Protein chains: 4
Amino acid sequence: METFVKYSKKPKLNNPVLIEGLPGFGQVGRLVSEHLVKEFKGKKFAELYSPHFPPQVMIKNDGLIDMISNNFFAIKRPKKRDILVVIGESQAATITGQYEICEKILDVAKEFGVKDIITVGGYAMGRLMKRPKVYGAANDKKIIKEFSKHGAIFKTKGDRGGIVGASGLLLGLGQLRGMSAVCLMGETPGHPLLIDAKAAEEVLNIIGTYLGEEIPMGELDKRAKELEKFRLGLEKMMKKAIQQVERQEESEQKKTEEKVKYIG
Amino acid sequence: METFVKYSKKPKLNNPVLIEGLPGFGQVGRLVSEHLVKEFKGKKFAELYSPHFPPQVMIKNDGLIDMISNNFFAIKRPKKRDILVVIGESQAATITGQYEICEKILDVAKEFGVKDIITVGGYAMGRLMKRPKVYGAANDKKIIKEFSKHGAIFKTKGDRGGIVGASGLLLGLGQLRGMSAVCLMGETPGHPLLIDAKAAEEVLNIIGTYLGEEIPMGELDKRAKELEKFRLGLEKMMKKAIQQVERQEESEQKKTEEKVKYIG
Amino acid sequence: METFVKYSKKPKLNNPVLIEGLPGFGQVGRLVSEHLVKEFKGKKFAELYSPHFPPQVMIKNDGLIDMISNNFFAIKRPKKRDILVVIGESQAATITGQYEICEKILDVAKEFGVKDIITVGGYAMGRLMKRPKVYGAANDKKIIKEFSKHGAIFKTKGDRGGIVGASGLLLGLGQLRGMSAVCLMGETPGHPLLIDAKAAEEVLNIIGTYLGEEIPMGELDKRAKELEKFRLGLEKMMKKAIQQVERQEESEQKKTEEKVKYIG
Amino acid sequence: METFVKYSKKPKLNNPVLIEGLPGFGQVGRLVSEHLVKEFKGKKFAELYSPHFPPQVMIKNDGLIDMISNNFFAIKRPKKRDILVVIGESQAATITGQYEICEKILDVAKEFGVKDIITVGGYAMGRLMKRPKVYGAANDKKIIKEFSKHGAIFKTKGDRGGIVGASGLLLGLGQLRGMSAVCLMGETPGHPLLIDAKAAEEVLNIIGTYLGEEIPMGELDKRAKELEKFRLGLEKMMKKAIQQVERQEESEQKKTEEKVKYIG
């Protein structure tokens, strides 16, 4: 099996911007992307499947299952640039898979003529911020200038940092394809189970200004709560898988204080 | 080496149902599948080998070895739908291997015209249940309706869970191929060395009703005991492999308090 | 880079037996194979290289380096079956690599018309044995009968065990190619730094009888000592690599109690 | 995505020597290579990208990002042999990737007619050396003789050591292609955050003599400090990534002392 994209239909998009919001710190990216899709009635048109995703499916409350995928949504905006959003439950679980999946996302972007990419993440601070700032990183100077106007902070005095996963790789791999890309990172405590609506709001403000679009924030808190509930279930499941393996080993240890039978 | 299937013969099967029971919680899936094969005199007709299985062989009591494989059995039922069972000692040991092996199982299923899949697993509860319930998850609504009639529970109020490994992936990957698939999970304590005959019986009851077949349960307990004995040996071996590596490192540590020689 | 074999020359071999002795418990396999090569003046004719070996080279005392490889030696015996020996410093460091390298070894074996394989390993007992027994496992009944005559023990009452790595996989993958293969395992304490000359001697006795060849044992102890010295150096190096990584992380931990900078 | 090299231009090089200085013990290799590039005004002409590098990008102080790459620089020397330098932020993060990337570096070297390779590393001593020695290892006797004259120590009495990573593999894989290669290792404490200018100076002295070139050392200390600062940032980032995962698991553990929901 190779990483592949399954289209349900191919929308016509007007000079679309790609917005990526896969799982990460504070789930800021995910919350931002899902909020956009819901507020602007984005339509799913394609699913990306990969053997590099965790080998499992999720069960919905009605008993139907969902494979792990990254999903593409189209947001049509009359007389404005359209938006192509990529969301998903997971990033790749292998190193080479991270590159493979990001390349495939860029293939889709290219097919729809994407020239600009916005990736969204959280910037872990270890503590709660009253008013989270939004840091930026980008792959060309023009986009830094553009997003600086809208309030993102690009220049830093301190140590160089880095961006791990899709939010970073899409900038790097996008650059190799001549796509202009920025990563917007809202300050967030970085606690794994906190879904940070405040950080998401700050990022959405910047994206709204950039897109020339008023983004209603009323439902944002509710969505953060829903996402938190979903993630609790998902992480509980993964935790159990780990505990299971550990318990297995412990119980083994107790039972094998007899003579050694293993053959090397 | 690629994952491949080696046929000893190709049976003619009448509209077969695929039943998968690879190792997992409480070995419920495995016990269910092996019980069906033994009670209904299933014949092995193919073996799946993969470089993604743990790199080892098992020794039988007569000194003959067994490679790790997933094995296909055909159960012929006069004037009824036939059954195609897949059993094995192990699931893939790598992430991409899980996908690759499940795809190969579905290739075999497709070749024999399988349209319906039942995967069997355990639902770990952390404690013993007087009368284990059977939870279900499926990739289409019709099959949920069908198995709800037979007693499987699909709708849950609480958090979404997930299904890790082949029992889950076969549903997801099956869906991509238009195959209808259900996973039946018997409540089980989840203790790694308990082979849960009670949970298996509850699942077998549902499968029996679905297949219109009385399944004798007399030998089920005995088979659970045999499987338990086999698994004890297998897990002991794996434990030893891990201990060996650890002991190696410890002993190394003691001996290398001289000056450092390693070159980086 | 693919796993490949580099021939320096291709010997003509008379119905050769393949003997494998890669690193494992008590280094019994390695000691047995190296002893045979030295006593019977085996000539190296091919080297197997693989990207699945640990990514490092070894330094000899004169400053020359050695890549990690598995090496093929030919032992010519006038009017008797010849012997093809495979030795090396390492087994594959990845799961799929274990399969890939064993397949390549079998490709070489097949090219020289090998029909019989002997793999050699240690059977870890956790304690020193006065007179180590030799356990066997095989992929067909005839070879069990043959080696039982020479003193190997195949039938066991207790739990099934397993054989991890090349010594096991060559039996399994050999079987798929119709090659007859036995694994001979000398009882050994299983202490990682003990090179077990006594266990090796017992295995050599059986191989000698099978091959109709008197194997001089005078140098065996000396060779065990040399191998022990070599392995001490090798394992020290690997240990250092691990310590280095750990030290790096610790030192990092100390220095990063300032505010969190990482971006997710 | 495959490992690939992107050329900005292809310089004409006169019988060039390849010098490799990727991250390793004491960052000796990196410091040596970067010093050479800066002192002799090396021009970058190609970048190597790979899906085997860590899946992340780095942020520079101006907000621009850098993908992880290994970079090729050309140093032109009138009437002398030219120098081809390879530097980078990272080595491969997977086992097979180490081989793949080294093969690609050698492909580039071959294209420019490289016949001699110098790799540079640190030799971890666990303590500070007043005047660090430089140890050598090589893939042919001539180059040992040559560099012995310039002060590198090749013959050792004690245990064989090894060279992990690119500095070692380039010697081994170079040998398979008939390239002559030496690894120069300056004694260094091996503390992960110490960038060892003294060890680098000793190695540079030897390289200078070999190349018939006076290498100014005035800026070496300053460059060590800069590299140290950069690495502190980079490692902090990686540390955070690990902590994040751990914190996630801990927090999970606390929240899941309810009944078990995971399905196996």
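Note: the structure precedes this text.
Everything numeric in this text was worked out from a predicted model, so none of it was measured.

Caption draft 1: Highlighting the overall build of chain A. In terms of helices and strands, chain A carries 6 helices and 11 strands. Burial status across chain A gives 63% buried among its 264 residues. Nonlocal contacts in chain A, meaning residues at least 24 apart in sequence, comprise 79% of its contacts between residues at least 6 apart. Carbon and sulfur atoms make up 52% of the accessible area of chain A, which totals about 10,400 Å².

Caption draft 2: Structural view of the sheet that holds strand S5 (residues 65-67) of chain C. Read across the sheet, 3 strands follow the order S5(C)-S4(C)-S10(D) without closing on themselves; strand pairing throughout is antiparallel. Both edges of this open sheet fall to S5 of chain C together with strand S10 (162-164) of chain D, since each of them pairs with a single strand only. Pairs of neighbouring strands in the sheet enclose a mean axial angle of 25°, with direction left out of account. Where strand S4 (residues 56-59) of chain C meets S5 of chain C, 3 bridges bridge the pair, whose relative direction is antiparallel. Bridging across to S5 of chain C, valine 57 of chain C finds its partner in methionine 67 of chain C. Most of the contacts of helix H4 (residues 166-176) of chain D go to S5 of chain C, to which it runs at about 80°, and overall it touches S4 and S5 of chain C together with S10 of chain D.

Caption draft 3: Fine view of helix H3 (residues 141-149) of chain C. Residue and element names in this part refer to chain C. Within the sequence span of H3, burial applies to Ile143, Ile144 and Phe147. All buried residues of H3 project into a common sector of 105° when viewed along the axis, lining one side. Seen from the open side of H3, the exposed residues pointing more than 90 degrees away from its buried face are Lys141, Lys142, Lys145 and Lys149. Considering only its buried residues, H3 is in contact with strand S8 (116-124), strand S9 (134-138), strand S11 (180-188) and helix H5 (197-211). Between a side-chain oxygen at the N-terminus of H3 and the backbone nitrogen of lysine 142 the separation is 3.0 Å; the capping residue is aspartate 140. Of the residues flanking the end of H3, it is glycine 151, one or two places downstream, whose phi is positive at about 110°.

Caption draft 4: Seen up close, the sheet that holds strand S4 (residues 56-59) of chain B. Spatially, 3 strands are ordered S5(B)-S4(B)-S10(C) in an open sheet, and the strand pairing comes out antiparallel. Two strands bound the open sheet, and with one partner strand each, they are strand S5 (65-67) of chain B together with strand S10 (162-164) of chain C. The average angle at which neighbouring strand axes cross in this sheet is 25°, direction not considered. Across 3 bridges, the pairing between S4 of chain B and S10 of chain C is antiparallel. In the sheet register, valine 57 of chain B faces S10 of chain C, and the bridge partner there is isoleucine 163 of chain C. Where helix H4 (residues 166-176) of chain C meets the sheet, it contacts S4 and S5 of chain B together with S10 of chain C, and its direction lies at approximately 80° from that of S5 of chain B.

Caption draft 5: Representation of the packing of aromatic side chains in the model. In this structure the tally under the stated criterion is 28 aromatic pairs over all chains. Aromatic side chains phenylalanine 45 of chain D and phenylalanine 72 of chain D sit 6.2 Å apart centroid to centroid with 45° between the ring planes, which places their arrangement in the tilted category. One end of the pair, phenylalanine 45 of chain D, is in strand S3 (residues 43-49); the other, phenylalanine 72 of chain D, is in strand S6 (residues 70-75), and 27 residues separate them in sequence. An aromatic cluster of three or more residues is present, and its members are Tyr7, Phe45, Phe72 and Phe112 of chain A. Between the NZ or CZ atom of lysine 10 of chain A and the centre of the ring of tyrosine 7 of chain A, over which it lies, the distance is 4.2 Å.

Cut-offs used in this document
Residues numbered from 1 in each chain as written. Chains lettered and ligands numbered in written order. Predicted model: local features only at pLDDT ≥ 70, side-chain atom pairs only at ≥ 80, totals over all residues. Heavy atoms only, no water. Helix = DSSP H or I, 4+ residues; strand = E, 2+ residues; numbered from the N terminus. Buried < 20%, exposed > 50% of the residue type's maximum accessible area, 1.4 Å probe, protein only. Contact = heavy atoms within 4.5 Å. Areas by Shrake-Rupley, 256 points an atom, 1.4 Å probe, with all protein chains shown as cover. Pairing = 2+ DSSP bridges. Axes fitted to C-alpha atoms, helices over the stretch in contact; angles between N-to-C directions. Arc of directions from axis to C-beta. Polar contact = N/O pair within 3.5 Å; in protein donor to acceptor, adjacent residues only side chain to side chain. Phe/Tyr/Trp six-rings, centres within 6.5 Å; stacked < 30°, edge-to-face > 60°. Lys NZ or Arg CZ within 6 Å of the ring centre and 35° of its normal.

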